[in-house]
Amino acid sequence: MKAVAIDGPAGAGKSTIAKQAAERLGYIYVDTGALYRAIGLYVSQRGADPAGEEEVAPLLKDIRLELVLTEEGQRVLLNGEDVSRRIRTPEAALNASRVAALPAVRAFLLELQRGIAERSPVIMDGRDIGTVVLPEAEVKIFLTAAPEERARRRLLEHQQRGEQADYQTLLEEIKARDHADSTRAIAPLRQAEDAVLLDTTHLTPEEAIQAVLNLVKRGG
Ligand code: CDP
């Protein structure tokens, strides 16, 4: 299996770096956070509590998720509808984190994620890729950055999309989500024993991409 697993907390640069590295390697990029975000969106649209297993589990059979590559880049389709933009709000992030703590949701996405990795070489980013989803991945990277730097990057992303955002609020949201993701009972965010730690606090995106490509060249 040709697979690169990139895990780490919110805003460490996973998606920017993984996307670019995948393009240069000719691998498929799989943003697993987008899948959790789409489930969170669906559940809240149906009026269910994203933290309630009994409410969420029966809804999963109605969810069809696809990652498709278009001229605008990778898009997330939820039952055929492009939700790529709608899943990027702070509320969607919080709902994603809530549904991500439910065993039924994790089992549902585990199958989907492994299926993609069996069919093509992938760079997959998330929280539990190296530990749970693809424990056999050839290269495992744990990408981090200081929370203040991650909040600053998130602020820039919002500003670039023309959205209002406040640094202090983003920093608090990031810290709260890190805490929730690292302390949950199932598939918590943690560095796999055989993962390489890559701290991007003082790296430009290009430097971080090169670091990832070097690790892939070396085979981990
Ligand atoms: O983009 P950002 O780093 O803020 O988050 P994301 O990767 O889009 O993930 C959103 C949420 O989904 C996370 O806070 C996690 O709770 C959850 N998630 C997960 O549990 N496992 C994954 N493999 C990916 C995301």
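As a reminder, the structure under discussion sits directly above these lines.
Below or above, wherever it landed, is the structure these notes cover. As the structure is a prediction and not an experimental result, all values here were calculated from the model.

## Section: the overall build of the protein
Item 1. Of the regular secondary structure elements, the protein holds 9 helices and 8 strands.
Item 2. For 220 residues, the compact-globule estimate of 2.2 N^0.38 gives 17 Å, and the protein sits close to it at 16 Å.
Item 3. Oriented by its inertia axes, the alpha-carbon framework of the protein measures out at about 45 × 40 × 40 Å.
Item 4. Relative to its 220 residues, the protein shows a buried fraction of 50%.
Item 5. When contacts within the protein are restricted to residue pairs at least 6 apart in sequence, long-range pairs at least 24 apart make up 73% of them.

## Focus on the nonpolar core
Item 1. Residues Ile39, Leu65 and Val105 are the most contacted members of the largest nonpolar core, which totals 24 residues.
Item 2. At the level of elements, α2 (32–45), β4 (73–78), α4 (90–99) and α5 (103–119) are the ones that each hand at least two residues to this core.
Item 3. It is α2 that provides the largest number of residues to this core, a total of 8 residues.
Item 4. Beyond its immediate chain neighbours, meaning those up to four positions away, Val105 contacts Tyr36, Ile39, Val56, Leu60 and Val99.
Item 5. Ala12, Tyr27, Ile123 and Ile209 belong to the second-largest nonpolar core, a separate cluster that totals 20 residues.

## Details of the site of the ligand
Item 1. If you check the shell around the ligand, you find 20 residues, and the closest are Arg37, Arg154, Arg177, Asp181 and Arg184.
Item 2. In the environment of the ligand, an oxygen atom lies 2.8 Å from a nitrogen or oxygen atom belonging to the side chain of Arg184.
Item 3. Broken down by element, the shell around the ligand gets its largest block of residues, 4 residues, from α2.
Item 4. Each residue belonging to the shell around the ligand can be placed in one class, and the counts come to 5 nonpolar, 5 polar and 10 charged.

## Re the layout of surface pockets
Item 1. In this structure, the second largest pocket encloses a volume near 410 Å³.
Item 2. Taken together, 17 residues make up the lining of the second largest pocket; nearest its centre are Ile28, Tyr29, Leu67, Leu69 and Gln74.
Item 3. Counting residues per element, the lining of the second largest pocket draws most heavily on strand β3 (residues 65–70), which supplies 5 residues.
Item 4. For the lining of the second largest pocket, the per-class residue count stands at 11 nonpolar, 2 polar and 4 charged.

## Notes on the sheet that holds strand β6 (residues 122–126)
Item 1. One open sheet holds the 5 strands; their spatial order is β2-β6-β1-β7-β8, and the pairing between them is parallel. Of all strands in the sheet, those bounded by a partner on one side alone are β2 (28–31) and β8 (196–199). The average undirected angle you get between the axes of adjacent strands in this sheet is 20 degrees.
Item 2. Along the sheet, helix α1 (residues 14–25) contacts β1 (3–7), β2, β6 and β7 (139–144); its crossing angle with β6, the most-contacted strand, is approximately 175 degrees.

## Focus on the sheet that holds strand β5 (residues 81–82)
Item 1. Judged by pairing direction, the sheet is antiparallel, and its 3 strands sit side by side in the order β3-β4-β5 without closing on themselves. The sheet is open, and its two borders are formed by β3 and β5, each paired with just one other strand.
Item 2. Where β4 meets β5, 2 bridges bridge the pair, whose relative direction is antiparallel. Note that in β5 the partner of Leu78 across the bridge is Glu81.
Item 3. Of the strands in this sheet, β3 and β4 touch α2, which is tilted by about 35 degrees from β4.

## Some thoughts on the packing of α1 against helix α9 (residues 205–218)
Item 1. Packing of α1 against α9 brings their axes to within 9 Å, and their N-to-C directions diverge by 50 degrees. Classified by the interaxial angle, the pair formed by α1 and α9 is oblique. For the crossing formed where α1 meets α9, the hand is right-handed. Residues Ile17, Gln20, Ala21, Arg24 and Leu25 of α1 pack against Pro205, Glu206, Ala208, Ile209, Gln210, Val212, Leu213 and Val216 of α9.
Item 2. Split into classes, the residues belonging to the contact of α1 with α9 amount to 9 nonpolar, 2 polar and 2 charged.

About the cut-offs
Residues numbered from 1 in each chain as written. Predicted model: local features only at pLDDT ≥ 70, side-chain atom pairs only at ≥ 80, totals over all residues. Heavy atoms only, no water. Helix = DSSP H or I, 4+ residues; strand = E, 2+ residues; numbered from the N terminus. Rg over C-alpha atoms; globule rule 2.2 N^0.38 Å. Buried < 20%, exposed > 50% of the residue type's maximum accessible area, 1.4 Å probe, protein only. Contact = heavy atoms within 4.5 Å. Core = buried A, V, L, I, M, F, W, Y, C linked by side-chain atoms within 4.5 Å. Near = heavy atom within 4 Å. Polar contact = N/O pair within 3.5 Å; in protein donor to acceptor, adjacent residues only side chain to side chain. Nonpolar A, V, L, I, M, F, W, Y, C, P; charged D, E, K, R; others polar. 1 Å grid on protein atoms, 1.4 Å probe; cavity = no way out; pocket = protein on both sides within 12 Å on 5 of 7 lines; lining within 4 Å. Points joined across faces, edges and corners; volume = space filled by probe spheres on them. Pairing = 2+ DSSP bridges. Axes fitted to C-alpha atoms, helices over the stretch in contact; angles between N-to-C directions. Parallel < 35°, antiparallel > 145°, perpendicular 65-115°, else oblique. Left-handed = near helix turned anticlockwise from the far one by under 90°.

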